[in-house]
Amino acid sequence: MREQVRAEAAESERRRTLTAAIVDQMWATGLLSAFNPVAAGGVEPSFAEMIETWIEMAWQDGSFGWVGIANLPSTFAAAAVASGAELTPTLRADMRVAAVHATDTARSCAEWAHLAAGTTAIREGSRFERAFRDMYTGTQHAFISEKVAIDAARIWLGIIDDQFGL
């Protein structure tokens, strides 16, 4: 998909979302379900293979890479259900907190790269500038908000039984 993502990067940037053609191709190639276990229609890659795929996606386009991280909880949910586990509120909380942690770690990496790149990183249109902006934008998404940690903690501590949105 590298050529298509690169060819449509400007349009994705202008629209502030991936183009429909990229999303359609992600479904057509199986990328959106590839991380799922075999029983859930995926190829069940190792964690290292998932990370390598996300790195490749993010290298092509920050927003494209974000899709991989954002689908992480769905991947874990598919694995849990495929193995016969019940998708409990506690398991959902665990998965969401894992996504928050992955995003926070990625943000730290993006910040390090931004600082190490120096003035190159602040030039509008540079890959560093785009990656840094995309990563920090991702950290502001409601899916990754501080409220997720609060809601998860309330479930873990037994204060509430379930929380809509987790």
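Cut-off values and rules
- Residues numbered from 1 in each chain as written.
- Predicted model: local features only at pLDDT ≥ 70, side-chain atom pairs only at ≥ 80, totals over all residues.
- Heavy atoms only, no water.
- 1 Å grid on protein atoms, 1.4 Å probe; cavity = no way out; pocket = protein on both sides within 12 Å on 5 of 7 lines; lining within 4 Å.
- Points joined across faces, edges and corners; volume = space filled by probe spheres on them.
- Helix = DSSP H or I, 4+ residues; strand = E, 2+ residues; numbered from the N terminus.
- Nonpolar A, V, L, I, M, F, W, Y, C, P; charged D, E, K, R; others polar.
- Domains from an automatic or database assignment.
- Contact = heavy atoms within 4.5 Å.
- Buried area = accessible area lost by both parts, 1.4 Å probe.
- Salt bridge = Lys/Arg side-chain N within 4 Å of Asp/Glu carboxyl O.
- Polar contact = N/O pair within 3.5 Å; in protein donor to acceptor, adjacent residues only side chain to side chain.
- UniProt positions renumbered as here; feature names shortened; annotations may be inferred.
- Buried < 20%, exposed > 50% of the residue type's maximum accessible area, 1.4 Å probe, protein only.
- Arc of directions from axis to C-beta.

S.K.: Got a sec to walk through the layout of surface pockets? Specific residues and values, please.
M.R.: Remark: the empty space left among the atoms is shown by a probe the size of a water molecule rolled over them. Considering only enclosed or pocket space, the largest pocket measures out at about 1,000 Å³ in volume. Of all the elements in the fold, those that place two or more residues in the lining of the largest pocket are helix 1 (2-7), helix 2 (9-15), helix 4 (47-60), helix 5 (62-70), helix 6 (72-82), helix 7 (89-117) and helix 8 (127-139). The element that contributes the greatest number of residues to the lining of the largest pocket is helix 7, accounting for 10 residues. For the lining of the largest pocket, a count of residues per class yields 23 nonpolar, 8 polar and 7 charged. Shared between two domains, the lining of the largest pocket takes at least three residues from each, and those domains are domain 1 (1-73) and domain 2 (88-165). Approximately 350 Å³ is the volume attributed to the second largest pocket. As for the second largest pocket, its lining consists of 15 residues, of which Arg 16, Thr 17, Ser 63, Asp 134 and Thr 137 are closest to the centre. Mapped by element, the contributors of at least two residues to the lining of the second largest pocket are helix 2, helix 5 and helix 8. Sort the elements by how many residues they give to the lining of the second largest pocket and helix 8 lands first, with 5 residues. Here the residues of the lining of the second largest pocket sort into 4 nonpolar, 6 polar and 5 charged.

S.K.: Which residues make up the domain arrangement of the protein chain, and what values do they have?
M.R.: Looking at the assigned domains, one finds that the protein chain contains domain 1 (1-73) and domain 2 (88-165). The C-alpha-based centres of domain 1 and domain 2 are spaced at 18 Å. Facing the 13 residues of domain 1 at the interface are 14 residues of domain 2. A combined buried area of about 1,100 Å² lies between domain 1 and domain 2, and 56% of that area is made up of carbon and sulfur atoms. Notably, a salt bridge pairs Glu 13 with Arg 133, separated by 2.7 Å at the nearest N-O pair. Counting every contact that joins domain 1 to domain 2 gives 1 residue pair in polar contact (both at pLDDT 80 or more). Contributing elements (two or more residues each) for the side of domain 1 that touches domain 2: helix 2, helix 4, helix 5 and helix 6. In terms of residues, the side of domain 1 that touches domain 2 owes the most to one element, helix 5, which gives 5 residues. Counted by class, the side of domain 1 that touches domain 2 contains 7 nonpolar, 3 polar and 3 charged residues.

S.K.: Tell me about the UniProt feature "domain: Acyl-CoA dehydrogenase C-terminal" (unreviewed entry) in the protein chain, and name the residues and values.
M.R.: The feature "domain: Acyl-CoA dehydrogenase C-terminal" (unreviewed entry), as given by UniProt, occupies residues 78-145 in the numbering adopted here. Across residues 78-145, the secondary structure splits into 69% helix and 0% strand, with the terminal C-alpha atoms separated by 23 Å.

S.K.: Mind laying out helix 9 (residues 146-156), listing which residues take part and the relevant values?
M.R.: Regarding helix 9, the residues found buried are Val 148, Asp 151, Ala 152 and Ile 155. Projected down its long axis, helix 9 shows its buried positions confined to an angular sector of 100 degrees, all on one face. Where helix 9 is buried, its residues contact helix 7. Count one or two residues on from helix 9 and you reach Gly 158, which has phi positive near 80 degrees.

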